[in-house]
Amino acid sequence: MSTENLPQSPEQPPRKPRVAVVFGGRSSEHGISVVTAGAVLKAIDRTKYDVLPIGITQDGRWALTADEPERMAIVDRRQPSVDLLAESDGGGVILPVDPANREVVYSEPGSVPKALGEVDVVFPVLHGPYGEDGTLQGLLELSGVPYVGSGVLASAVGQDKEYMKRVFTSFGLKVGPYLVIRPREWQQDEPAARKKIVDFAGEHGWPLFVKPARAGSSIGITKVDDLSGLDEAIAEAQRHDPKILVEAALRGREIECGVLEFEDGPRASAPAEIPSPEDHAYYDFEAKYIDSTPGIVPAPLTPEETAQVQRLAVDAFEATSCEGLVRADFFLTEDGEFVINEINTMPGFTPISMYPKMWEASGVSYPELVDLLVQAALRRSTGLR
């Protein structure tokens, strides 16, 4: 029987890639993660991607949230939270643990679980522990779901400032003087641990910066001008991380540079300079996110200095086996030497954050930046690579 004259069923259009934007989390950077997610949700091309927002509450519940970016902003100096955005108080989103199945399920107590469809890529805009530090990346590797940004090792190294500095040193990148106090040292012999810090100050001078070893967004950091402020600074850092890092103050200019992964490899952005904020002792959390102290983009550097910091930023990206994106932070010392302070594998990503501003100055708009990151993630497989 001929089928030539039978009506043909119309071809179904190809399904758009589905992007799960995961945000919030259990760290002290929860609110900034929500702000970042709002910016990404607003910028992502809805004609090109389907989007599923998933928020992680501060107690670790994965919640289905409203796709309402306008509710994810800092208002009257108050940060947003996933708890205020969650569609229910008890429901939870469950990622697949079978690499052959990418279907996400939503479950509420006493109700039949609801399938939310397959996810093709995760955009994890979490900052700090339990998200940026390799823990979420490991879960996604087990699930076989591609994701934006660095893998398990690079994420873990990028979160732990001690081991980050050790890696940089092993690759010939210059770091400033620092000291680590581990939890056991403090618990077993607090006077001896404190003496280590005092001796460090005697060698390198005051002020010192006391900070959590595994936190970001300048949370928990104290500039200590003399011995009288040391104990309070240690207590503040330990509120966020039992392991603390003590750094000598470096005299110089703060210079940042973004790195972005293109198909032909990583490239560096135009660098930025962070001027000393007038109303803050240093570029702390309030200066970054509440008062929005503006950076200078591009940084007023010589062409030689610009090329050097761009090369060093890519070197830091490669040294730590990063993928996707990195913001590398440097000091340009008074003798003209670049000293790397740290990298962020998921840097601040709000429209006013320095990473997107540096790429905007380099010719890549915020929506284009989001698209490039998603495309880079879709090109990569999970597992060893």
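What this report covers is the structure whose coordinates are included nearby. Computed from a predicted structure; not experimentally measured. (Residues numbered from 1 in each chain as written. Predicted model: local features only at pLDDT ≥ 70, side-chain atom pairs only at ≥ 80, totals over all residues. Heavy atoms only, no water.)

Focus on the overall build of the protein
From N to C terminus, the protein includes 12 helices and 16 strands. Rg of the C-alpha trace for the protein: 22 Å, near the compact-globule value of 21 Å for 385 residues, within the 12% margin. For the protein, the C-alpha atoms occupy an extent of roughly 95 × 55 × 45 Å along the three principal directions. Of the roughly 17800 Å² of accessible surface on the protein, 50% is carried by carbon and sulfur atoms. For the protein, the distance from the average position of its 37 positive side-chain charges to the average position of its 59 negative side-chain charges is 2 Å. (Helix = DSSP H or I, 4+ residues; strand = E, 2+ residues; numbered from the N terminus. Rg over C-alpha atoms; globule rule 2.2 N^0.38 Å. Areas by Shrake-Rupley, 256 points an atom, 1.4 Å probe, with all protein chains shown as cover. Lys, Arg positive; Asp, Glu negative; His and termini not counted. Charge placed at Lys NZ, Arg CZ, Asp CG, Glu CD.)

Notes on the pairing of strand β12 (residues 252-262)
Across the 11 residues that make up β12, a large majority, 8, are buried. Where β12 lies against strand β15 (residues 325-333), 9 bridges are found, and the strand directions are antiparallel. Note that in β15 the partner of L260 across the bridge is L325. Direction of pairing for β12 relative to strand β13 (residues 265-268): antiparallel, over a ladder of 4 bridges. The residue bridging V259 from the neighbouring strand is A268, located in β13. Connecting β12 to the next strand, β13, in antiparallel fashion are 2 residues. (Buried < 20%, exposed > 50% of the residue type's maximum accessible area, 1.4 Å probe, protein only. Pairing = 2+ DSSP bridges.)

Notes on the packing of helix α1 (residues 30-43) against helix α12 (residues 366-379)
For the pair α1 and α12, the least separation of the axes is 9 Å and the interaxial angle reads 95°. Accordingly, the angle class assigned to the pair α1 and α12 is roughly perpendicular. Across the interface between the two elements, T36, A39, V40 and A43 from α1 touch Y366, P367 and V370 from α12. Of the residues belonging to the contact of α1 with α12, the class tally is 6 nonpolar, 1 polar and no charged. (Axes fitted to C-alpha atoms, helices over the stretch in contact; angles between N-to-C directions. Parallel < 35°, antiparallel > 145°, perpendicular 65-115°, else oblique. Contact = heavy atoms within 4.5 Å. Nonpolar A, V, L, I, M, F, W, Y, C, P; charged D, E, K, R; others polar.)

Things to note about the nonpolar core
Among the nonpolar cores identified, the biggest contains 35 residues, and V21, F23, F123 and F349 are the most heavily contacted of them. For this core, the elements supplying multiple residues, two or more each, are β1 (18-24), α1, α2 (82-85), β7 (121-124), β12, α11 (354-361) and α12. Setting aside its immediate chain neighbours within four residues, V21 contacts A37, V40, L41, V51, L52, P53, I54, F123 and V125. One finds M164, A299, A328 and F338 within the second-largest nonpolar core, a separate group that totals 25 residues. (Core = buried A, V, L, I, M, F, W, Y, C linked by side-chain atoms within 4.5 Å.)

Details of unusual backbone geometry
A cis amide bond links W206 to the next residue, P207, at an omega of 0°. Secondary-structure assignment places P207 in the loop between α7 (190-204) and β9 (208-212). At the junction of V297 and P298, the peptide bond is cis and its omega measures out at -5° in the coordinates. Residue placement: P298 occurs in the loop between α9 (285-290) and α10 (303-319).

What about helix α3 (residues 135-143)?
The periodicity of an α-helix, 3.6 residues per turn, causes residues three or four places apart in sequence to face the same way. Along α3, the positions that sit buried rather than exposed are L136, Q137, G138, L140, E141 and S143. For α3, the secondary structure elements touched by its buried residues are β1, β3 (62-64), β7 and α4 (152-159). At the exit of α3 stands G144, carrying a positive phi of roughly 75°.

Remarks on the pattern of salt bridges
Under the counting rule described, the total for this entry stands at 27 salt bridges. D371 is the partner of K48 in a salt bridge, and the nearest nitrogen-oxygen pair spans 3.1 Å. Separated by 323 residues along the polypeptide, K48 in the loop between α1 and β2 (50-56) and D371 in helix α12 bring together distant segments of the chain. Note that R267 and D264 form a salt bridge whose closest N and O atoms lie 3.2 Å from each other. Counted as one network, the salt bridges with shared partners bring together E141, E261, E323, R380 and R385. (Salt bridge = Lys/Arg side-chain N within 4 Å of Asp/Glu carboxyl O.)

Comments concerning the state of the cysteines
Tallied over the full model, the rule gives 0 disulfides. Between C257, a free cysteine, and C322, which holds the nearest cysteine sulfur, the sulfur-to-sulfur gap is 13 Å. Look at C322 and you get buried, because its relative accessible area is 6%. (Disulfide = S-S within 2.5 Å.)

Considering α7
A rise of 1.5 Å per residue sets the reference length of α7, with its 15 residues, at 21 Å; its end C-alpha atoms lie 21 Å apart and thus fit the reference within 8%. Among all positions of α7, only A193, I197, F200 and A201 are buried. Viewed along the axis of α7, the buried residues span an arc of 100°, placing them on a single side of the element. Residues of α7 that are exposed and angled more than 90 degrees away from the buried face: P191, K195, G202 and E203. Each element contacted by the buried residues of α7 is listed here: β8 (178-181), α6 (183-188), β9, α8 (230-238) and β11 (244-248). Once α7 ends, the next one or two residues include G205, with phi positive near 90°. (Expected span 1.5 Å × (residues − 1). Arc of directions from axis to C-beta.)

Quick look at the sheet that holds β1
Strand order in the open sheet formed by 4 strands is β3-β2-β1-β7, with mixed pairing between adjacent strands. Here the strands that pair on one side only, and so sit at the sheet edges, are β3 and β7. On average, each strand axis in the sheet is inclined to that of its neighbour by 30°, with strand direction left out of account. Two elements, β1 and β7, share 4 bridges in a ladder whose sense is parallel. Counterpart to A20 in the pairing with β7 is V122.

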